[in-house]
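Remarks on the overall topology
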Amino acid sequence: MARRRLSEAIRWQIIGMHATGVSFKAIGRQLGYHYTVISRLVRKHRQTGAVKDRPQSGRPRVTSEREDRAFLRIIRREPFSTSTVLKRAWLPNRHLSTRTVRNRLKAAGMAARRVIKRPRLTDDHKRRRLAWCLARQRWNLRTWRRIHWSDESRFLLHVTDGRLRVWRHRNTAYTPRNIRQTVPFGGGSVMVWGCISHDCKLDLVTVRGNLTGDQYMRHVLEPVVVTHFDNHPLATIPVYMDDNARPHRSRAVVDYLQNNAVTTLPWPAMSPDLNPLEHVWDILGRRIQALQPPVQTLRELEAALHREWLQVTREQIRRLTGGMRRRVDAVIRARGGFTRY
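Just so you know, these numbers come straight off a predicted model, no measurement behind them. (Residues numbered from 1 in each chain as written. Predicted model: local features only at pLDDT ≥ 70, side-chain atom pairs only at ≥ 80, totals over all residues. Heavy atoms only, no water.)

1. A closer look at unusual backbone geometry
Look at the link from glutamine 292 to proline 293: it is a cis peptide, with omega at -5°. Along the chain, proline 293 falls in the loop between α11 (277-289) and α12 (298-311). A positive phi angle is found at asparagine 171, which is not glycine, with a value near 65°. Following the sequence through the fold, asparagine 171 ends up in the loop between β1 (147-156) and β2 (189-196). Positive phi is not limited to glycine here, since arginine 335 has a value of about 55°. Assignment of secondary structure puts arginine 335 in the segment after α14 (324-333). Using a relative accessible area of 55% as the deciding quantity, one classes arginine 335 as exposed. (Helix = DSSP H or I, 4+ residues; strand = E, 2+ residues; numbered from the N terminus. Buried < 20%, exposed > 50% of the residue type's maximum accessible area, 1.4 Å probe, protein only.)

Laid out in structure tokens, this is it:
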């Protein structure tokens, strides 16, 4: 049975009771402790004048401060390594436990956290991103509101979260209630195209199959983009943004946009953090996952996407498009590197 620890208040109470002449056994009976506990406390108070426990050495450390500093350098070089791999890389000829490795990580203020995923950026990508942002650093909202941000996104019918965990007892991994059932390739997917600006939101378009340049012109540009741009007042000529995907940069698509006098925005590769529409896709994805009952077929998923697209408010969009100067400044501070967006 674990011993009950005496709180500091009770310890001083015992000292006070003994000072008034109460015996050790009487104090023990009254407070529920053995009289030897009372006598040891009183003796310690006489010797030290204190009632707190003395500092205890605990188990001696198996590594030195120098070795701990070397361990932190390894962590900075290999932040994705497991505790087992770190143990072998740190002191391969020393018998250490993974618990020791985790203790050193905890002492350094580190903990295993979710990994942020971003597109791979080369030095050329960073230079182009930085140049793009420097050229537009002084744009104000009046200029940014002309930009029409477009993008495609694919939504799975059944999303599988690789970070999913289950609370269970040992040896119950294969109990049916502890198993998450999956289907190959997420059960299928629906690709949609969307476009937003500071002042409007164009119709959502479902992309059938793989997007090609011809399909992009016939189902997106001609019925949606060009029609919308033709109805814009001349004082606020819009600018169309799309990324560098192959269907967007085919010769036929480039010629079609030029022939229809659609002004386009040059775009640096690998820059989803500069497109506010990416956050709208995130909003749609969260809403689809929160639906009760959940969607069961691709047709239901497509209908839900169009329905939730209509529910995205102008205020939500303006919070995203109105923050373009902050996005540009963040890329400049990162010298073209990764940002929090």
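Picking up where we left off.
2. Looking at the packing of helix α7 (residues 123-135) against α14
Running from amino to carboxyl end, α7 crosses α14 at an angle of 135°, the nearest separation of the two axes being 9 Å. Of the possible angle classes, the one that applies to α7 and α14 is oblique. Two packed elements cross with a definite hand, and for α7 against α14 that hand is left-handed. Where α7 approaches α14, its residues Arg129, Leu130, Trp132, Cys133 and Leu134 are matched on the opposing element by Val328, Val331 and Ile332. Each residue belonging to the contact of α7 with α14 can be placed in one class, and the counts come to seven nonpolar, no polar and one charged. (Axes fitted to C-alpha atoms, helices over the stretch in contact; angles between N-to-C directions. Parallel < 35°, antiparallel > 145°, perpendicular 65-115°, else oblique. Left-handed = near helix turned anticlockwise from the far one by under 90°. Contact = heavy atoms within 4.5 Å. Nonpolar A, V, L, I, M, F, W, Y, C, P; charged D, E, K, R; others polar.)

3. What to know about the sheet that holds strand β4 (residues 239-241)
The four strands are arranged β3-β2-β1-β4 in an open sheet whose pairing can be described as mixed. Each edge of the open sheet carries a strand with a single partner, namely β3 (205-207) and β4. Each strand axis lies, on average, 25° off the axis of its neighbour in the sheet, ignoring direction. Of the pairings in the sheet, the one linking β2 to β3 comprises three bridges and is antiparallel in character. Residue pairing for β3: valine 192 is matched across the bridge by threonine 206. Its contacts with the sheet place α11 against β1 and β2, and it is angled at close to 35° to β1. (Pairing = 2+ DSSP bridges.)

4. Details of the side chain of histidine 148
As for its placement among the helices and strands, histidine 148 is situated in strand β1. From its side chain, histidine 148 meets the backbone oxygen of arginine 146 in a polar contact 3.1 Å long. When near neighbours in sequence (up to four residues on either side) are disregarded, histidine 148 contacts Cys195, Ile196, Ser197, Cys200, Leu202, His228, Phe229, His232, Pro238, Val239, Tyr240 and Met241. (Polar contact = N/O pair within 3.5 Å; in protein donor to acceptor, adjacent residues only side chain to side chain.)

5. Re the pairing of β2
By the criterion of burial, β2 is predominantly enclosed, with seven of the eight residues buried. In the sheet, β1 pairs with β2 via eight bridges, with the strands oriented antiparallel. Paired with arginine 154 across the bridge in β2 is methionine 191.

6. Digging into the UniProt feature "domain: Transposase Tc1-like" (unreviewed entry) in the protein
UniProt records the feature "domain: Transposase Tc1-like" (unreviewed entry) at residues 68-136, using the numbering of this structure. Annotated as 59% helix and 0% strand, the span residues 68-136 places its first and last C-alpha atoms 46 Å apart. (UniProt positions renumbered as here; feature names shortened; annotations may be inferred.)

7. Digging into the packing of aromatic side chains
Overall, the coordinates contain nine aromatic pairs when judged by the stated rule. Taking the centre distance of 4.5 Å and the plane angle of 40° together, the rings of phenylalanine 71 and tryptophan 90 count as tilted. On the criterion of sequence distance, the pair formed by phenylalanine 71 in helix α4 (residues 65-77) and tryptophan 90 in helix α5 (residues 83-90) is long-range, its members being 19 residues apart. Like phenylalanine 71, the residue tryptophan 90 is buried in the burial classification. Ring centres of phenylalanine 229 and tyrosine 240 lie 6.2 Å apart, and the angle between their planes is 80°; this geometry places the pair in the edge-to-face category. One end of the pair, phenylalanine 229, is in helix α9 (residues 213-230); the other, tyrosine 240, is in strand β4, with 11 residues separating them in the sequence. Accessibility expressed as a relative area gives 0% for tyrosine 240, which makes it buried. (Phe/Tyr/Trp six-rings, centres within 6.5 Å; stacked < 30°, edge-to-face > 60°.)

8. Here we look at the nonpolar core
Ranked by size, the top nonpolar core spans 35 residues in total, and within it Trp149 and Leu305 carry the most contacts. Those elements that provide at least two residues to this core are α7, β1, β2, β4, α11, α12, α13 (314-321) and α14. Per element, the largest residue contribution to this core is five residues, and it comes from α11. Not counting residues up to four positions away in its chain, the partners in contact with leucine 305 are Phe155, Val190, Val192, Leu204, Leu284 and Ile288. Counting 20 residues, the second largest nonpolar core, distinct from the first, contains Met191, Leu202, Leu211 and Val226. (Core = buried A, V, L, I, M, F, W, Y, C linked by side-chain atoms within 4.5 Å.)

9. Some details on the environment of isoleucine 14
Note on placement: isoleucine 14 falls in helix α1 (residues 8-19). Separated by 163 residues in sequence, isoleucine 14 and arginine 177 have C-alpha atoms that sit 54 Å apart.

10. A closer look at empty space enclosed by the protein
This model, assessed by the stated rule, comprises one cavity of 30 Å³ or more. A volume near 40 Å³ is recorded for the largest cavity. Grouping the amino acids of the lining of the largest cavity by side-chain chemistry returns five nonpolar, one polar and three charged. (1 Å grid on protein atoms, 1.4 Å probe; cavity = no way out; pocket = protein on both sides within 12 Å on 5 of 7 lines; lining within 4 Å. Points joined across faces, edges and corners; volume = space filled by probe spheres on them.)

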